[in-house]
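# Observations on the model geometry
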Amino acid sequence: MTFNEIINVILKTIVSYIFLLAILKVMGKREIGKVSTFDIVVFFVISELFSLSLNEPEMSILHSVIPITVIVILQLISAFLSLKSSKARQLLEGKTSYIIYNGEIQQEVMKKERYTIEDLMVQLRTKDIQSPDEVSFAILEDNGTLNVITKEDCNVMDPEPLISDGKIVKHTLDRLSRDENWLNDELKKKDIHSIKDVFMCLALKNDLLVVKK
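This text gives an overview of the structure that appears in the document. (Residues numbered from 1 in each chain as written. Predicted model: local features only at pLDDT ≥ 70, side-chain atom pairs only at ≥ 80, totals over all residues. Heavy atoms only, no water.)

## Some thoughts on the environment of Ile 105
- By secondary structure assignment, the location of Ile 105 is in strand 2 (residues 104-105).
- In the structure, Ile 105 is positioned 28 residues away from Asp 133 in sequence and 9.2 Å away in space, judged by C-alpha atoms.
- The contact partners of Ile 105, leaving out residues within four places of it in the chain, are Ile 99, Ile 100, Met 110, Leu 120 and Pro 132. (Helix = DSSP H or I, 4+ residues; strand = E, 2+ residues; numbered from the N terminus. Contact = heavy atoms within 4.5 Å.)

## So, the sheet that holds strand 3 (residues 135-140)
- Taken in spatial order, the 4 strands line up as 2-1-3-4 in an open sheet, and their pairing is antiparallel. Of all the strands in the sheet, just strand 2 and strand 4 (146-150) have a single pairing partner and so form its edges.
- Pairing between strand 1 (residues 97-101) and strand 2: 2 bridges, direction antiparallel. Within strand 2, the position partnered with Ile 100 by the bridge is Ile 105. (Pairing = 2+ DSSP bridges.)

## With respect to the pattern of salt bridges
- If you walk through the whole model with that rule in mind, you get 8 salt bridges.
- Where Glu 108 meets Lys 111, a salt bridge forms, and the shortest distance between an N and an O atom there is 3.9 Å. Of this pair, Glu 108 and Lys 111 both sit in helix 5 (residues 107-112), separated by 3 residues, roughly a single helical turn.
- For the salt bridge of Arg 175 with Asp 158, the shortest nitrogen-to-oxygen distance reads 2.9 Å. Taken together, the positions of Arg 175 in helix 7 (residues 170-175) and Asp 158 in the loop between strand 4 and strand 5 (163-164) put the pair 17 residues apart, joining distant regions of the chain.
- The exposure class assigned to Arg 175 is partly exposed, which follows from its relative accessible area of 29%.
- On the basis of relative accessibility, which here comes to 0%, the residue Asp 158 falls in the buried class.
- The structure contains a network of salt bridges with shared partners spanning Asp 158, Glu 160 and Arg 175. (Salt bridge = Lys/Arg side-chain N within 4 Å of Asp/Glu carboxyl O. Buried < 20%, exposed > 50% of the residue type's maximum accessible area, 1.4 Å probe, protein only.)

## Some words on the packing of aromatic side chains
- On inspection of all chains with the given rule, the structure shows 3 aromatic pairs.
- Where Tyr 98 meets Tyr 101, the ring centres are 5.1 Å apart and the plane angle is 80 degrees; that geometry is what we call edge-to-face.
- Given the relative accessible area of 6%, Tyr 98 is considered buried.
- The class of Tyr 101 is buried, set by a relative accessible area of 14%.
- When the centroid spacing of 6.3 Å and the interplanar angle of 65 degrees are considered together, the rings of Tyr 98 and Phe 137 count as edge-to-face. Linking Tyr 98 in strand 1 with Phe 137 in strand 3, this pair joins segments that are 39 residues apart in sequence.
- Note on Phe 137: relative accessible area 0%, which makes it buried.
- Each residue in the set Tyr 98, Tyr 101 and Phe 137 is aromatic and connected to the rest through ring pairs, giving one cluster. (Phe/Tyr/Trp six-rings, centres within 6.5 Å; stacked < 30°, edge-to-face > 60°.)

## Quick look at helix 3 (residues 62-84)
- Compared with an ideal rise of 1.5 Å per residue, which puts 23 residues at 33 Å, helix 3 spans 33 Å between its outermost C-alpha atoms and is within 8% of the ideal.
- Looking at helix 3, one finds that the buried residues are Ser 64, Val 65, Ile 68, Ile 71, Val 72, Gln 75, Ser 78, Ala 79 and Ser 82. (Expected span 1.5 Å × (residues − 1).)

As structure tokens, this is what we get:
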């Protein structure tokens, strides 16, 4: 490698580093912290594009910057659609999978997710839980993490909201065998007359937790 090629690689590395920091800042804490399957694919593609540019001294850094910029824009659009539309969120991120719901192991869900009894027990033991009987809800996240709410700590009828940013989360209502009329009646008891006025509504065991917009 010639001196000029070395200098070129160093400059590319500096540009790539600064550009990567800017990308992570733009994509925000949600994408970084969540680390879903979709995000992992995006980060993997970004790293590969940077590698191609750094490994080929004669290749312009723009050959990496341009496609990475397009990928980041698509990621931001996807995040925006997920925020505004529950259908888009389910399409991009998948539905929440309950391995244990209301104290009962969901065997069909385990089969669908190819999640074994051994997988369940290992993840429970890492949380100092000896038996599924201690668990009220066990939620399998998109990144493979099992989040657990024990019966001792559980204060909710369902971990997911009934209302999210002024929109009814219908599958939560369905799981609780409730309908929109019941939800509206409960909100009226709290002097709330429109779903659109609610930022978040969560079904507690004895009440509704309501956060207004």
